[in-house]
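Summary of the model geometry
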Amino acid sequence: MVFSGPYHVEIEATLRCPLRCVHCSLKAGEKKTDLLRESYIELLENCSKLRVKIFDVIGGEPLIRPDIYELLESAVRKIPNVIVNTSGFFINKKVVKKLKKTGIKNIFVSIDGPSPEKHEIIRGSGKKLFQKTCNGIKLLIKEGFNVTVAFVVNKVTFKDVPQMIELCSLLGVKNLFILGFIPIGRGANQKNLIITENMLMETLKDLRKYSNNKKVNLQVDCSMDCAFYELEGDICPAGANFITITVNGDVFPCGFLRENPEFKLGNIKEKRFFDIWMNFKKKKLINFNQMLRNWYSQFSDTKFKNICLARILYNFRNKNSDSQIIRSFPP
């Protein structure tokens, strides 16, 4: 029997991190917490059985785990596309050599602006992190890795898509992945970074303008406006083909909803991911999608209607901290 799982599973390998990025959705670096190794291995087996296509390892900083290379090698043997996300902080010749031995091909490296000043507003000033990250990217590309730069658009950087394209081209990066800032985790305290609707529209205009720039392949995630991303049927991918598993084993349809227990689908330390997914697919997915549609129907203005649920939720809460506009997840 052929089982069908989510297309994309995102897994938090650790909350440990040497940085304290102000926009971090996980408050990474504040706790030395790792996903249990046995939970990771069992999850990997379940994902393989469910024919998951993308296994996306995030943190914190995944490369801070001593056993990360073994974990990545195990994933590469079982899942078609394995991705590791890194700040680039630990990338040097020795680390690149270890990564190459795992067989992994795809690495996402975060850059938060086209200049040291803007990057280090987010990542930490005075540490020369921008140059360190750029040097790490060059090392990875030299060794044949498929590097994607992940860039979170915020109030300071919403005009910087053209400059980010030029930076990626200069570094030899072929892919620029653009996300919208969502004020969750440590980022909940950064109201000065929240992008307005007008800023979002300006970013989207640049994305359309430079979509065929012939230097860098532009990609946007579902935190950006669906009018650009053109999601199939304008349906949020949360739960439909995307799942996040947090460092403590909780399963959510989207990582940006981790602070909302009503969206929790289960925990892999209590029940197999295979069973959690199959139960969700059979009994709850329809209800979940209906809840999302009900959510979006509250917004008559289409420019709001096509913005991701998580962004609406957290932007709303930043403006109305005492309000609750979310219904409980169906039992």
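Residues numbered from 1 in each chain as written. Predicted model: local features only at pLDDT ≥ 70, side-chain atom pairs only at ≥ 80, totals over all residues. Heavy atoms only, no water.

**Some thoughts on helix α1 (residues 37–49)**
Put simply, the rule is: A run of DSSP states H or I qualifies as a helix once it reaches four residues; a run of E qualifies as a strand once it reaches two. Both are numbered from the N-terminal end. Helix span, as expected, comes to 1.5 Å for every residue beyond the first. Per-residue accessibility, obtained with a 1.4 Å probe over protein chains only, is compared with the maximum for each type, and a residue is labelled buried under 20%, exposed over 50%, and partly exposed between these values. Note: the arc covers the axis-to-C-beta directions of the helix.
Relative to the 18 Å expected for 13 residues at 1.5 Å per residue, α1 spans 19 Å between its end C-alpha atoms, a close match to the ideal helical length. Taken together, the buried positions of α1 are occupied by S39, Y40, L43, L44, N46 and C47. The buried residues of α1 occupy an angular sector of 165° when the element is viewed end-on, so they sit on one face.

**Comments concerning the confidence of the model for the protein**
Quick note on the threshold: pLDDT gives the predictor's per-residue confidence on a scale running from 0 to 100. In this analysis, two residues are considered to be in contact whenever any of their non-hydrogen atoms come within 4.5 Å of each other.
On average, residues of the protein score 86 in pLDDT, and 82% of them are at 70 or above. Predicted confidence is poor over residues 229–233, with pLDDT under 50, and the contacts of this stretch with residues over four places away or in other chains come to seven contacts. Contacts for the low-pLDDT stretch residues 320–331, under 50 throughout, to residues beyond four places or in other chains number 27 contacts.

**Observations concerning the sheet that holds strand β10 (residues 266–267)**
Sheet strands associate in pairs through backbone hydrogen bonding, adopting either a parallel or an antiparallel arrangement. Where we set the bar: Think of it this way: DSSP has to see at least two bridges between two strands before they count as a pair. Simply put, an axis is a line fit to the C-alpha atoms, just over the touching stretch for a helix, and the angle between two N-to-C directions goes from 0 to 180 degrees.
With respect to topology, ten strands assemble into an open sheet ordered β7-β6-β5-β4-β3-β2-β1-β8-β9-β10, the strand pairing being mixed. A single partner strand is all that each edge strand has here, and the edge strands are β7 (217–220) and β10. Looking at chain direction, strand β9 (residues 250–252) and β10 are connected through two bridges and run antiparallel. Bridging from a neighbouring strand, V251 pairs with G266 of β10. With respect to the sheet, helix α5 (residues 129–142) is in contact with β4 (106–110) and β5 (146–153), its orientation differing from that of β4 by roughly 170°.

**Concerning the nonpolar core**
The following threshold applies: Throughout, nonpolar core names a set of buried Ala, Val, Leu, Ile, Met, Phe, Trp, Tyr and Cys residues whose side chains join them through atoms within 4.5 Å.
Counting 98 residues, the largest nonpolar core has F55, L99, L176, I178 and F273 as the members making the most contacts within it. Of all the elements, helix α9 (residues 273–297) adds the most residues to this core, at seven residues. Once residues lying within four places of it in the same chain are set aside, the contact partners of L176 are V149, F151, M164, I165, C168, V216, N217, L218 and Q219.

**Notes on the pattern of salt bridges**
For the record, the criterion: Whenever a carboxyl oxygen of Asp or Glu lies within 4 Å of a side-chain nitrogen of Lys or Arg, that contact is scored as a salt bridge.
Summed over the entire model, instances satisfying the criterion amount to 14 salt bridges. Note that E12 and R258 form a salt bridge whose closest N and O atoms lie 2.5 Å from each other. Here E12, found in strand β1 (residues 8–12), pairs with R258, found in the loop between β9 and β10; they are 246 residues apart in sequence, far enough to count as distant. Assigned by exposure class, E12 and R258 land together as buried. The partner of D67 in a salt bridge is R37, and the shortest N-O contact between them spans 3.1 Å.

**A short note on the pairing of strand β6 (residues 175–180)**
In terms of burial, β6 is a largely internal element, six of the six residues being buried. The pairing of β5 with β6 spans six bridges and is parallel. Counterpart to A150 in the pairing with β6 is F177. Inspection of the sheet shows β6 paired to β7 by four bridges, in the parallel sense. The residue bridging F177 from the neighbouring strand is Q219, located in β7.

**Quick notes on unusual backbone geometry**
With an omega of 20°, the peptide bond running from G59 to G60 counts as cis. With respect to the element layout, G60 can be found in the loop between β2 (54–58) and α2 (68–78). For K214, which is not glycine, the phi torsion reads 65° and is therefore positive. Considering the arrangement of structural elements, one finds K214 in the loop between α7 (197–209) and β7. A relative accessible area of 86% places K214 in the exposed class.

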